[in-house]
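Structure at a glance
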Amino acid sequence: MNLRIAARLAIARIIATKTRSGLTMLGIIIGVMSLIALVSVAQGATSGIQDQFKGLGARNLTISGNTTESLTIEDASEIAKLPGIDVVSEQVSGNATASSENASTRIRVIGVDVDYETIVEPDIFAGTFLANTDFAQDSRTIVLSSALATSLKVDASIINETISVGSTEFTVIGILDDANGFGNQGTAYVPLQTAFRYFAVPPYLNTITVQTTSEELVPLVTTNLSRLLSSRHNITGDRDADFTITDASQLLDAIGTVQQFLSLLLGGIASISLVVGGIGIMNIMLVSVRERTREIGIRRAIGAQQSQILTQFLIEAIVLSLLGGIIGVIIGEIVAYFLATLGQWNFALSPTMILASLGFSMLVGVLFGVWPARTAARLKPVEALRFE
Amino acid sequence: MAAVVEMSKVSKTFGDGTSIIRALDGVDLKIEKGEFVAIVGPSGSGKSTMMNLIGCLDRPSNGVVKIAGEDLSMLNDKKLTELRNYAIGFIFQSFFLLPKTTALENVATPLLYRGVHSKEAKKKALSMLKKLGMSDRATHGPTELSGGQQQRVAIARALVTEPSLILADEPTGALDSATGKQVMDLLTELNQEGITIVLITHDLDVAKRAKRRISLKDGKIISDTKGAA
């Protein structure tokens, strides 16, 4: 009896016991479904962030001060003299309490210069970003992150109205569309000089962002920056640098690591349910072997070899788990598609992931089917025939 | 030519130590091709053990059992299974058709187990069902057939492999007397065509239909008579 006949027997058996087979498969279906859905969430969500960074960050370098008094305005103007640099933007930040008519919250105020918009290209939800006139007059204008607008319970109608930050009134000129970004919670942007007046102490800067003339120059500029700042800050020998230079590739690497970790973590959790599903299959197969003891006896009497009985039951377990796997993949991809729509990241079918899921569920069928199948094959024909 | 069944000094014991049960005790027996033999005896006489040995389902504790010339004690499980498939056609009291399987598939199954191609097996199965007047029930499952019809399908399954002998264990035990008579008529007919039949029964009326009757008691043959009873 070849595999094809064994497979047909198994499918006939599964159809004949629909309810039981369905419930048995449920464990595998849920396992594979969560595996597909969770891993696609992990990949979709992080690849969205990756794309954002790729879009705007490849030529950018960020220099952060390790203390509040590490970087200065003079550092920034010296950096601007280095070759291969297009734009240098200075940022400073401070904390304050912001209040609208509806709510108040602690916020982080970031003072940015005129070049910030060039480098970061922020998306605007309503109004405008800080414009040249705001910088020229060091005006009390402010742009809110979308998260902050939510916290303050204000919407687009706040544009050109005022909120108070600390003890000063600021005119809101824009709200950012940065719902997918991170680290922007409760953040507001004001002109650099305004920030120095109300929230920070000159000449110290928190960050200097540099845009190189081309992506290829990033490593070279990084080295030059490091050398320049080390000499300006008297960093010699084993003294630790008081600044950190980050470029997009490091961020991308970090996100990639997060993505891998998330995929493994979520995939691992889903795999546990797949294994539980396998135990369900084993359980039902053992019950089935017991119930069908006499059938096994008849088959053995009319000439079924042990190996043929083993194959029959093993195939049945594999078909159960593989069928569960296929249904799980379909449902999982549908769930992943809806989650992608909801989370606004790209949905992509991953053949590797699908094949891996199917392979894994088949493996579960083999692993948890072997014991029941061996039990069936090893029944003694005489005893099996007499079994009531 | 070798006898279909050949037993010499066959003993079969179960258990060990003080609780030893001697199911067969020094049995000598020879059944030739074309015979119609009934093995009779009350329960506990060793009938079932005899059936298991003739059916190649078990091996003797002592002595030699040869079925179709093969010494059972010399065969491993695989060879013993092969011998069952090729040499024995089983007919059981409760028919023992495979559940949720059509008459045709039931009859074809022994052929599939010996590696006959599915198409060929079904063709042979169908012609055997036809021979037994069951071809119009080929696609019916066991639950859709009467007892007599089920036993006919079982007989077709036993015959389809062209075995050395048909081993029938109380073939009429689960049937009413009219249907039982029909099944016995069929077996008689098959024997007239030259098929060897070994019948295990406790029913003396059924045993009378055989040409030879062997009575067992306490694991020993107490009589062996030939000719009409």
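Computed from a predicted structure; not experimentally measured. (Residues numbered from 1 in each chain as written. Chains lettered and ligands numbered in written order. Predicted model: local features only at pLDDT ≥ 70, side-chain atom pairs only at ≥ 80, totals over all residues.)

1. Remarks on the overall build of chain A
Applied cut-off: The helix count covers DSSP runs of H or I at least four residues long, the strand count covers runs of E at least two residues long, and both are numbered beginning at the N terminus. For every residue pair, C-beta atoms are placed from the backbone, and the pair is scored as a contact if these atoms sit within 7 Å.
Assigned secondary structure in chain A consists of 13 helices and twelve strands. On the principal axes, the C-alpha backbone points of chain A span a range of 100 × 55 × 30 Å. A separation of at least 24 residues holds for 86% of the contacts in chain A among residues at least 6 apart in sequence.

2. Structural notes on the sheet that holds strand 3 (residues 36-40) of chain B
Residues and elements named next belong to chain B. Put simply, the test is: Whether two strands pair comes down to DSSP finding at least two bridges between them. What counts as an axis is a line fitted to C-alpha atoms, over the stretch in contact for a helix, and the angles between N-to-C directions run from 0 to 180 degrees.
Strand order across the open sheet formed by six strands is 6-7-8-3-9-10, with mixed pairing between neighbours. Edge positions in the open sheet fall to strand 6 (88-91) and strand 10 (220-226), since each of these has one partner strand only. For this sheet, the mean angle separating the axes of adjacent strands, direction not counted, is 20°. Where strand 7 (residues 165-169) and strand 8 (residues 196-201) come together, five bridges link them in parallel fashion. The residue of strand 8 that forms the bridge with Leu-167 is Val-198. Across the face of the sheet, helix 1 (residues 47-54) comes into contact with strand 3, strand 7, strand 8 and strand 9 (212-217) while running at roughly 155° to strand 8.

3. Thoughts on the interface of chain B and chain A
Note the cut-off: Gly falls in the polar group here, along with every residue not listed as nonpolar (Ala, Val, Leu, Ile, Met, Phe, Trp, Tyr, Cys, Pro) or charged (Asp, Glu, Lys, Arg).
In this complex, chain B contributes 20 residues to the contact, which on the side of chain A involves 15 residues. Counting only elements with at least two residues in the side of chain B that touches chain A, the list comes to helix 2 (77-87) and helix 3 (103-113) of chain B. If you tally residues by element for the side of chain B that touches chain A, the top one is helix 2 of chain B, at five residues. Classifying every residue of the side of chain B that touches chain A by side-chain character gives eight nonpolar, five polar and seven charged.

4. Some thoughts on the packing of helix 3 of chain B against helix 5 (residues 147-159) of chain B
Residues and elements named next belong to chain B. How we decide: When an angle is under 35 degrees it counts as roughly parallel; over 145 it counts as roughly antiparallel; between 65 and 115 it counts as roughly perpendicular; any other value is oblique. Handedness of a crossing is defined here by the sense of rotation of the near helix relative to the far one, left-handed for an anticlockwise turn of less than a right angle and right-handed for a clockwise turn.
Close contact between helix 3 and helix 5 brings their axes to 8 Å; oriented N to C, the two are set at 25°. The angle between the axes of helix 3 and helix 5 places the two elements in the roughly parallel class. Regarding helix 3 and helix 5, the two cross each other, and that crossing is right-handed. Residues Ala-103, Asn-106, Val-107 and Pro-110 of helix 3 pack against Val-153, Ala-156 and Arg-157 of helix 5. Its residues assigned to classes, the contact of helix 3 with helix 5 comprises five nonpolar, one polar and one charged.

5. A word on the environment of Gln-250 of chain A
Looking at where Gln-250 of chain A falls in the secondary structure, it is placed in helix 9 (residues 248-291). Sequence-wise, Gln-250 of chain A and Ala-98 of chain A are 152 residues apart; in three dimensions their C-alpha atoms are separated by 34 Å.

6. Quick look at unusual backbone geometry
Trans peptide bonds make up the majority, and among non-glycine residues the majority have a negative phi. A cis amide bond links Pro-202 of chain A with the next residue in sequence, Pro-203 of chain A, at an omega value of 5°. Of note, the phi angle at Glu-162 of chain B is positive, near 50°, even though the residue is not glycine. With respect to the helices and strands, the residue Glu-162 of chain B is situated in the loop between helix 5 and strand 7.

7. Things to note about helix 6 (residues 177-192) of chain B
Residues and elements named next belong to chain B. We apply this condition: Helices are assigned an expected span. That span is 1.5 Å times one less than the residue count. Once C-beta atoms are placed from the backbone, each residue is buried if 20 or more other C-beta atoms lie within 10 Å of its own, exposed if 12 or fewer, and partly exposed for counts between those two. Directions pointing from the helix axis toward each C-beta atom define the arc.
Compared with an ideal rise of 1.5 Å per residue, which puts 16 residues at 22 Å, helix 6 spans 22 Å between its outermost C-alpha atoms and is within 8% of the ideal. Looking at helix 6, one finds that the buried residues are Gly-180, Val-183, Met-184, Leu-187, Leu-190 and Asn-191. Down the axis of helix 6, the buried set is contained in an arc of 115°. They therefore lie on one face. Looking at helix 6, the residues exposed on the side facing more than 90 degrees away from the buried face are Ala-178, Asp-185, Glu-189 and Gln-192.

8. Observations concerning the confidence of the model for chain B
The condition that has to hold: Confidence per residue, as judged by the predictor, is encoded in pLDDT with a range of 0 to 100.
Of all residues in chain B, 99% attain a pLDDT of 70 or more, and the chain-wide mean is 93. Complex prediction metrics read pTM 0.72 and ipTM 0.95.

9. Some thoughts on the nonpolar core
Here is the rule we go by: The term nonpolar core refers to a group of buried residues, namely Ala, Val, Leu, Ile, Met, Phe, Trp, Tyr and Cys, whose C-beta atoms join them within 7 Å.
With 120 residues, the main nonpolar core has Ile-39, Val-107 and Ile-197 of chain B as its most contacted residues. Beyond its immediate chain neighbours, meaning those up to four positions away, Ile-197 of chain B contacts Phe-36, Leu-165, Ile-166, Ala-168, Leu-187, Leu-190 and Asn-191 of chain B. Formed by 46 residues, the second largest nonpolar core is a distinct cluster that contains Ala-76, Ile-79, Val-88 and Val-172 of chain A.

10. Some remarks on the environment of Ala-147 of chain A
All names here are of chain A. Tracing the chain through its elements places Ala-147 in helix 6 (residues 146-151). You can call Ala-147 buried: it has 20 C-beta atoms within 10 Å. Considered as a pair, Ala-147 and Asp-177 are 30 residues apart in the sequence and their alpha carbons are 9.2 Å apart.

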